[in-house]
Amino acid sequence: MTQNNPLLRLEHVSKEYGNQTVLNDVSTTIASGDFVAMVGMSGGGKSTLLRLIAGLESPTNGQVSQQDRIITELNTDSRTMFQDDRLLPWMTVRDNLTFGNHTPQSIEHANDLLARVDLSSFAESYPTDLSGGQKQRVALARALMSHPKLLLLDEPLGALDAFTRRKMQDLILDIWRQEHLTVILVTHDVTEAARMANKVFVIKNHRLAWQEHNALNYPRNNSQAVAAVADDILSQVIA
Ligand SMILES: Nc1ncnc2c1ncn2[C@@H]1O[C@H](COP(=O)(O)OP(=O)(O)OP(=O)(O)O)[C@@H](O)[C@H]1O
Ligand SMILES: [Mg+2]
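Reading guide: rules and limits
- Residues numbered from 1 in each chain as written.
- Chains lettered and ligands numbered in written order.
- Predicted model: local features only at pLDDT ≥ 70, side-chain atom pairs only at ≥ 80, totals over all residues.
- Heavy atoms only, no water.
- Axes fitted to C-alpha atoms, helices over the stretch in contact; angles between N-to-C directions.
- Helix = DSSP H or I, 4+ residues; strand = E, 2+ residues; numbered from the N terminus.
- Parallel < 35°, antiparallel > 145°, perpendicular 65-115°, else oblique.
- Left-handed = near helix turned anticlockwise from the far one by under 90°.
- Contact = heavy atoms within 4.5 Å.
- Nonpolar A, V, L, I, M, F, W, Y, C, P; charged D, E, K, R; others polar.
- Pairing = 2+ DSSP bridges.
- Buried < 20%, exposed > 50% of the residue type's maximum accessible area, 1.4 Å probe, protein only.

> I'd like a rundown of the packing of helix H4 (residues 132-144) against helix H5 (residues 162-179), residues and numbers included.
Orientation of H4 relative to H5, taken along the N-to-C sense of each, is 15°, at an axis distance of 11 Å. The orientation of H4 relative to H5 falls into the category roughly parallel. Like other packed secondary-structure pairs, H4 and H5 cross with a definite hand, here right-handed. Mapping the contact onto sequence places Gly-133, Gln-136, Arg-137, Leu-140 and Leu-144 in H4 and Thr-164, Met-168, Leu-171, Ile-172 and Ile-175 in H5. Its residues assigned to classes, the contact of H4 with H5 comprises six nonpolar, three polar and one charged.

> Can you break down the sheet that holds strand S9 (residues 199-204) residue by residue, with the values?
The strands that make up a sheet pair up through hydrogen bonds in the backbone, lying either parallel or antiparallel. One open sheet holds the six strands; their spatial order is S6-S7-S8-S3-S9-S10, and the pairing between them is mixed. The open sheet has two edge strands with one neighbour each: strand S6 (78-81) and strand S10 (207-212). If you compare each strand with its neighbour and ignore which way they point, the axes differ by 20° on average. Relative to strand S7 (residues 150-154), S6 is paired through four bridges, and the arrangement is parallel. Bridged to Met-81 within S7 is Leu-153. Across the sheet, helix H1 (residues 46-53) lies against strand S3 (35-40), S7, strand S8 (182-186) and S9, angled at about 155° from S7, the strand it touches most.

> For the pairing of S8, give the residues involved together with the corresponding values.
Of all five residues in S8, five are buried, a share of seventy percent or more. Side chains Thr-182, Ile-184 and Val-186 of S8 all project onto a buried face; the interleaved residues Val-183 and Leu-185 project onto the opposite face, where all are buried too. Bridge analysis of S3 against S8 gives four bridges, and the strand direction is parallel. By the bridge assignment for S8, Val-36 is matched with Ile-184.

Rendered as structure tokens:
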């Protein structure tokens, strides 16, 4: 899909809470299949922008549209994954995915997804029996249950150790490729942004201050190349 026919289009989007401007005149496009990393200082408006795309809130000015439909209510093509896993502790792992829909198809789909995130043997376990990384894998599987087009990731890996985080990054990249998803990942980790995304948004002073739209052609398995791009992103954030 070209930029002339993007999946998402943000046009002069502003968001105010009372007299506080949280997002100011943000315009951009996101193509189907993009992997966008969004970085910026704390409080800059990144989560707010995700919530506007998810249809959880409405802009004060401007509009967000998906395939030419203005988003005015919950965007059912999207699923959001948060920093905390938000699993229901009184339900088993599988029930956290099927969520009361115990049809054979739903159970089979849940089992498939649990296999994808390498948690088949934990289907009957409860969230309290899982490690932080395992819980995030359940949360990822749950987010995929409804076959979303758009996966919104609000710092989902922030609480994980470096090894688990790297494995989760690879899992998300595999799923992004295999499911032909469009992903928007908010992260404080510029190396994570450089390693994963093909498009980077820097939010600064409540504006979209920098966007790198070019397919970033550098080998993602070359840590020096990734570190150089991460440095570029960091200098855009703090400049
Ligand atoms: N529902 C709300 N009501 C009032 N103010 C809000 C609300 N949601 C967010 N804000 C304010 O909007 C600003 C931006 O918040 P947001 O959560 O979007 O930032 P962020 O870039 O995601 O920050 P962080 O990196 O710390 O998660 C903050 O000053 C926050 O206090
Ligand atoms: Mg946030």
